[in-house]
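Fold and geometry: a report
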Amino acid sequence: MTTAAAPYVSYDTAGSAAFHAAPLPLCAHCGLLVAGARPRAGEALYCCTGCALAHRLTGGASGHGQATGMLMAVGIGAFLAMNVMMLSFVLYSGRGEADRAAGEAWVRWALLALATPALVLLGGPFVARGARRLRARQLDTDVLIVLGVGAAYALSASSVLRGTGPLYLDTAMGILLFVTLGRYLEAASRARATDALAALASRLPSEACRVRDGVEERVRLEALAAGDRVRVRPGERLPVDGVVLAGEAAVSEAEITGESVPVTKRPGDAVSACTLSLDGSLLVETRRTGAATTVARIARLVEEARAGRAPLGSLGDRVAAAFVPLVLALALVTCVWWTLRAGAGAGVMNALSVLLIACPCAIGIATPLAASVASGRAALHGVLVRSGETFERLARARRFFLDKTGTLTCGTPELVRLENAPGVDERELLAVAAALEAHSEHPLAAAVRDAAEARGIATREVTGFRAVAGRGVVGRVESGGAPREARAGSAAFVAGAPATAEPGTSRVHVSLDGAWLGTLTLRDRVRPSALAAVRALGRRGVEVELLSGDQPEAVATFAAALPGLRATGALLPEEKLRCVEASAARGELPVMVGDGINDAPALSGAAVGVTLESGTDLAREVADVTILGGDLRRLPWLVALACATLRTARFNLFWAFAYNVIGLGLAVQGRLHPLFGAVAMVASSLLVVLHSQHLARLTLPAVSESA
Amino acid sequence: VIDHSTWLTAAALTFAASAHCVGMCGGFALALAAPSRPRVWRALAGHLALQLGKGTSYAFLGALAGAFGAALLASPTFVWGARALALLCGLALVAAGLTLLGLRRGGDAVAARLAPHLARVTGPLLQARPRGAALVVGMVMGFLPCPLVYAGLAGAAASGSAAAGALLLVGVALGTVPALLALALFGGALRERESARRLMARAAGALLIAVGVITLARGLGLHAGHAGHGAPAPAAGRPADPHAHHH
């Protein structure tokens, strides 16, 4: 896949279903908006160094050249930086030895010679990004890093040139190395943004069969206009939104709604593009094409919601934003104070030392390392988390929105009730139904077969099997010692079947030789873990709400089974998105859990989008979290893990800065020693590394680990 | 004045144990050396770059460990510092020996966590082989979990200064040069001599355990009479020496 173009895609307004690139500055690796960037055509944009590195390493960018080029730059930079740090340590511990003094001047020049190219190789990306941030009038860790490293280098270079004075080159190198490592870790746990929107477009057939005056001809999709009649054959995807004129077919809307049970479409019913006709041939009058179709509208909503998502600066960035002005003020005061006391030289020197010690080395790994350990643990338990920031958002989320079909339910039907005609054995009814359905691909058929199997009913032979599109199946089944004509299907297909219906269920009627045998009622099964998950979330004190596109009655019946759940039904994709956005506007950091294409806009508009393994490609693409295996209890578990991660990150940052605040005090007084910088660097980084590891073993309350 | 016995000992012990290196690091050495072998001097240069990268990582870690040890030894609150470091060093040597004997699986958990990241970094470099790739691959190799390096680092911490620590790890790196160089130049033939290699690893394991036990004994204050200057110093010989940390 070529990702040289910006990954922003949209439907062409001219009416074709072709996708084209639009200049929205999104990161090519993680798909986040890159603030302050001006995208150029044909050039991949990255939100951070880590993303650029990870994207190229994981083969996202085409060609080996870029990946190896960047790796070599970082590798050689790290090689030089390690030598600088090693020599500096040796200098420190060789302090006071008379025979070393002569060699020391030589070592200092060597340090500067090693550090200068390393500074360019490792620091370049941060300068570029820091400048972009400043243009966007934002202060974040990059600005802090550039200030700190720049000051350390300037101070050290002047010391080497003057032949006397402190060297802080190891601190500068340490900061660069650790921050680069942190950025890489952060991005490595971020999944690469794939282009499921483009994949969705490719699902649409490129040609359609147009019917004019009784003559069928194949035309390009773009050539279709509203009013055109289109023939859709069994197994084909609908190319347009429209209304059925003739024919009957079971149509799978699973791609759009997540509902696995196909809907029978008859003349007069509305159908949408991208749905799949399973068994019948339909004549459809086109209402909307290309960009106007439901699926295109959803795709557009996804893009808009994604771009409009309020960026939540990472914890480190927020701390840095507050810290940078403070440090600058402190540096200014120090400069003025020392200039008045001891001249401009001392003023500049001490101001620089304030700036350099303000940047904690551990700031680069304080949050990413905690997030990396946490996402490693989550992955071990089948939860894939796209970015480290997700943990922070999850920990602070106040409201959870859940989709019904395919999320709280399995999305596959299950036999819940058997009604038999008087004098008919239940097992006989099921045996006949199962025999017929053994030859059907319909999801309801699978449920009937499973039910028969569970009751230990032996399979029977069927002869003369035939499926009637959108209605049912018919064939000859052995019953009562002789083969008889059996039918299974809709009430209209089976003579004598009761016409009653109840919301949220599907019914399969069965007859034998034209006499009603009985009716099987099937319903989408509630996930066994759903109740436990909703309860556990409630215990955490967050609001849980059900958003469904299903019929309100069906939703109400369903919600009654899950106490404490507020439920809304009959929601369009944009209405789901609006619910999520309203919650976000109230500052609640909403979490959306859903799996259908119709959930995708809400998933991308929410602070955190969560989907299940069974989710549609688009849902998995836009979601920040994917739960494998479909155990919803992993959701409250993940929230608990997220809270622990945020606590760990805060603790890490606190200590990262604590060491440096002591250093700031020394720097203002003009008493900062390079050794302090080195010790603070190593000690705070080591603390952060060790403290983050405890996330891997921490026992999480409320939800058992084994699931 | 630098005491050369420590790093020379480290080099000798690593050399003895380099049958182990052929198994662990040999893969990298082969991957870099084998296909572009028509010119021997080029393979040699590539291999030296690999060793330089690895040695730099080792020396960096050694300097770090040495600085830590120096801080610990200089601290008046840790009167047990020297003895604790000597014990640590002895234990690390015994652990390395047991790993070589195949009685202990060393660093598996760490390796499992690091492996995907290391592979992602070295993979593209080994494929594309830009100029200087060997240096960077070697550097990454230097951070592979290895019981010999752990023992070396414990020794570096006990050595009492960053310089001595770095030097000790340079010794460890040098000890691996002959075996890996032979492997790079003469190819997989060496690697296939499985039984001979296992025998050598066993012997080296026994040697490491013996040295580790001696170091432990000195750390515990036994055999105090032999701890004089003339004794052949094992990797951590110095901390047991009462004068060691007054340089």
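Residues numbered from 1 in each chain as written. Chains lettered and ligands numbered in written order. Predicted model: local features only at pLDDT ≥ 70, side-chain atom pairs only at ≥ 80, totals over all residues. Heavy atoms only, no water.

Check the secondary structure of chain B and you find 12 helices and zero strands. Along chain B, from the amino end to the carboxyl end, the secondary structure elements read α-α-α-α-α-α-α-α-α-α-α-α. Put simply, chain B has 247 residues, and 51% of those count as buried. Within chain B, residue pairs in contact and separated by at least 24 positions form 81% of the contacts whose partners lie at least 6 positions apart. Carbon and sulfur atoms make up 70% of the accessible area of chain B, which amounts to about 11,400 Å² in all. (Helix = DSSP H or I, 4+ residues; strand = E, 2+ residues; numbered from the N terminus. Buried < 20%, exposed > 50% of the residue type's maximum accessible area, 1.4 Å probe, protein only. Contact = heavy atoms within 4.5 Å. Areas by Shrake-Rupley, 256 points an atom, 1.4 Å probe, with all protein chains shown as cover.)

Counting its secondary structure elements, chain A contains 22 helices and 24 strands. For chain A, with 707 residues in total, the buried portion stands at 55%. In chain A, the share of contacts with a sequence separation of at least 24, taken over all contacts with a separation of at least 6, comes to 67%. Put simply, chain A shows about 28,200 Å² of open surface, and 58% of that area lies on carbon and sulfur atoms.

Below, the discussion takes up the sheet that holds strand β22 (residues 591–593) of chain A. All names here are of chain A. Strand order in the open sheet made by the seven strands is β12-β24-β23-β22-β13-β20-β21, with mixed pairing throughout. Edge positions in the sheet fall to β12 (383–385) and β21 (566–568), since each of these pairs with one other strand and no more. The mean angle between the axes of side-by-side strands here comes to 20°, regardless of whether they run parallel or antiparallel. Direction of pairing for β22 relative to strand β23 (residues 608–612): parallel, over a ladder of three bridges. Its bridge partner lying in β23, M592 is registered against G609. Against the sheet, helix α18 (residues 573–585) makes contact with β13 (399–403), β20 (543–547) and β22, and its axis sits at roughly 170° relative to β13, the strand it touches most. (Pairing = 2+ DSSP bridges. Axes fitted to C-alpha atoms, helices over the stretch in contact; angles between N-to-C directions.)

Quick look at the packing of aromatic side chains now. All names here are of chain A. Under the counting rule described, the total for this entry stands at four aromatic pairs over all chains. An angle of 55° between the planes, with centres 6.4 Å apart, marks the rings of W655 and Y659 as tilted. Of the two residues, W655 and Y659 are both situated in helix α21 (residues 634–668); the distance of four residues between them amounts to about one turn of the helix. Exposure remark for W655: the relative accessible area of 34% places this residue in the partly exposed category. Across the ring face of F558, the terminal group of K404 is positioned such that the distance to the ring centre comes to 5.4 Å. Its end group placed over the ring of W637, R634 keeps NZ or CZ at 4.5 Å from the ring centre. (Phe/Tyr/Trp six-rings, centres within 6.5 Å; stacked < 30°, edge-to-face > 60°. Lys NZ or Arg CZ within 6 Å of the ring centre and 35° of its normal.)

Residue and element names in this part refer to chain A. Topologically, G609 is positioned in strand β23. Accessibility expressed as a relative area gives 0% for G609, which makes it buried. Separated by 141 residues in sequence, G609 and V468 place their C-alpha atoms 41 Å apart. Every residue in contact with G609, bar those within four places of it in the chain, is listed here: M592, L603, A623, D624 and V625.

Contacts between the two partners involve 25 residues from chain A and, on the opposite side, 29 residues from chain B. Across the chain A/chain B interface, buried area totals approximately 2,300 Å², and carbon plus sulfur atoms make up 79% of it. In terms of surface lost to chain B, no three residues of chain A exceed A:M72, A:F79 and A:M82, which account for 25% of the buried area on that side. Inspection of the chain A/chain B interface yields zero salt bridges. On the surface where chain A and chain B come into contact, there are zero residue pairs in polar contact (both at pLDDT 80 or more). Put simply, the parts of the chain that give the side of chain A that touches chain B at least two residues each are α2 (64–93), α5 (169–189) and α22 (674–693) of chain A. (Buried area = accessible area lost by both parts, 1.4 Å probe. Salt bridge = Lys/Arg side-chain N within 4 Å of Asp/Glu carboxyl O. Polar contact = N/O pair within 3.5 Å; in protein donor to acceptor, adjacent residues only side chain to side chain.)

Scanning the model with the defined rule gives seven cavities of 30 Å³ or more in all. Taken as a whole, the largest cavity holds about 150 Å³ of empty space. Within the residue set of the lining of the largest cavity, elements represented by two or more residues are α11 (363–380), α12 (389–396) and α21 of chain A. Here the residues of the lining of the largest cavity are counted per class, giving six nonpolar, four polar and three charged. As a volume, the second largest cavity reaches approximately 110 Å³. Counting residues per element, the ones that place at least two in the lining of the second largest cavity are α1 (4–16), α5 (81–101), α8 (147–159) and α9 (162–186) of chain B. For the lining of the second largest cavity, the class distribution of residues is 10 nonpolar, two polar and no charged. (1 Å grid on protein atoms, 1.4 Å probe; cavity = no way out; pocket = protein on both sides within 12 Å on 5 of 7 lines; lining within 4 Å. Points joined across faces, edges and corners; volume = space filled by probe spheres on them. Nonpolar A, V, L, I, M, F, W, Y, C, P; charged D, E, K, R; others polar.)

Residue and element names in this part refer to chain A. Counting 150 residues, the largest nonpolar core has F89, F400, L408 and L638 as its most contacted members. The element that contributes the greatest number of residues to this core is α21, accounting for 15 residues. For F400, the contacting residues outside a window of four places in its chain are L394, L537, V542, E543, V544, E545, V591, L635 and V639. (Core = buried A, V, L, I, M, F, W, Y, C linked by side-chain atoms within 4.5 Å.)

Attention shifts here to the pairing of strand β18 (residues 505–512) of chain A. Residues and elements named next belong to chain A. Summarising burial for β18: eight of the eight residues are buried, a large majority. Residue alternation in β18 divides its side chains into two sets, T505, R507, H509 and S511 and S506, V508, V510 and L512, and both sets are buried. Alignment of strand β17 (residues 482–489) against β18, held across four bridges, turns out to be antiparallel. Note on β18: the bridge partner recorded for A488 is V510.

Turning our attention to helix α16 (residues 530–539) of chain A. Residue and element names in this part refer to chain A. If you check which residues of α16 are buried, you get A530, A533, V534, A536 and L537. The arc that holds every buried residue of α16, seen down its axis, measures 165°, which confines them to one face. In the core, the buried residues of α16 are packed alongside β13, α13 (404–408), β19 (515–526), β20 and α21. G541, located one to two residues past α16, shows a positive phi value of around 80°. (Arc of directions from axis to C-beta.)

A few words on unusual backbone geometry. Residues and elements named next belong to chain A. In this structure, D513 is a non-glycine residue whose phi angle is positive, near 50°. With respect to the helices and strands, the residue D513 is situated in the loop between β18 and β19. Not every positive phi belongs to a glycine, and L589 is a case in point at roughly 50°. Residue placement: L589 occurs in the loop between α18 and β22. On the basis of relative accessibility, which here comes to 16%, the residue L589 falls in the buried class.

On to the side chain of A:S685, then. Residues and elements named next belong to chain A. Relative to the elements of secondary structure, S685 occurs in helix α22. By relative accessible area, which is 2% here, S685 ends up buried. Leaving out residues up to four positions away in the same chain, S685 has contacts with F178, C361, A362, I365 and A680.

In regions of low pLDDT, the predicted coordinates are not meant to be interpreted in detail. Residue and element names in this part refer to chain B. Residues with a pLDDT of 70 or more make up 71% of chain B, whose mean pLDDT is 74. Below pLDDT 50 for its whole length, residues 224–247 participates in 33 contacts with residues either more than four positions away or in separate chains. Across the assembled chains, the prediction reports ipTM 0.78 with pTM 0.74. (pLDDT = per-residue confidence, 0-100.)

With that out of the way, let us pick up helix α9 (residues 315–342) of chain A. All names here are of chain A. For α9, spanning 28 residues, the distance from its first C-alpha to its last is 39 Å, which sits close to the expected 40 Å at 1.5 Å a residue. Considering bend angle alone, the principal kink of α9 is centred on F323 and spans about 30°; proline P325 follows within four residues of it. Taken as a whole, α9 has its buried residues at L315, G316, D317, A320, F323, V324, V327, A331, T334 and W338. Of the surrounding elements, those touching the buried residues of α9 are α4 (141–162), α10 (344–358), α11, α12 and α21. One or two residues past the end of α9 sits G343, with phi positive at roughly 95°. (Expected span 1.5 Å × (residues − 1). Bend = angle between axes of the 7 residues up to and from the residue.)

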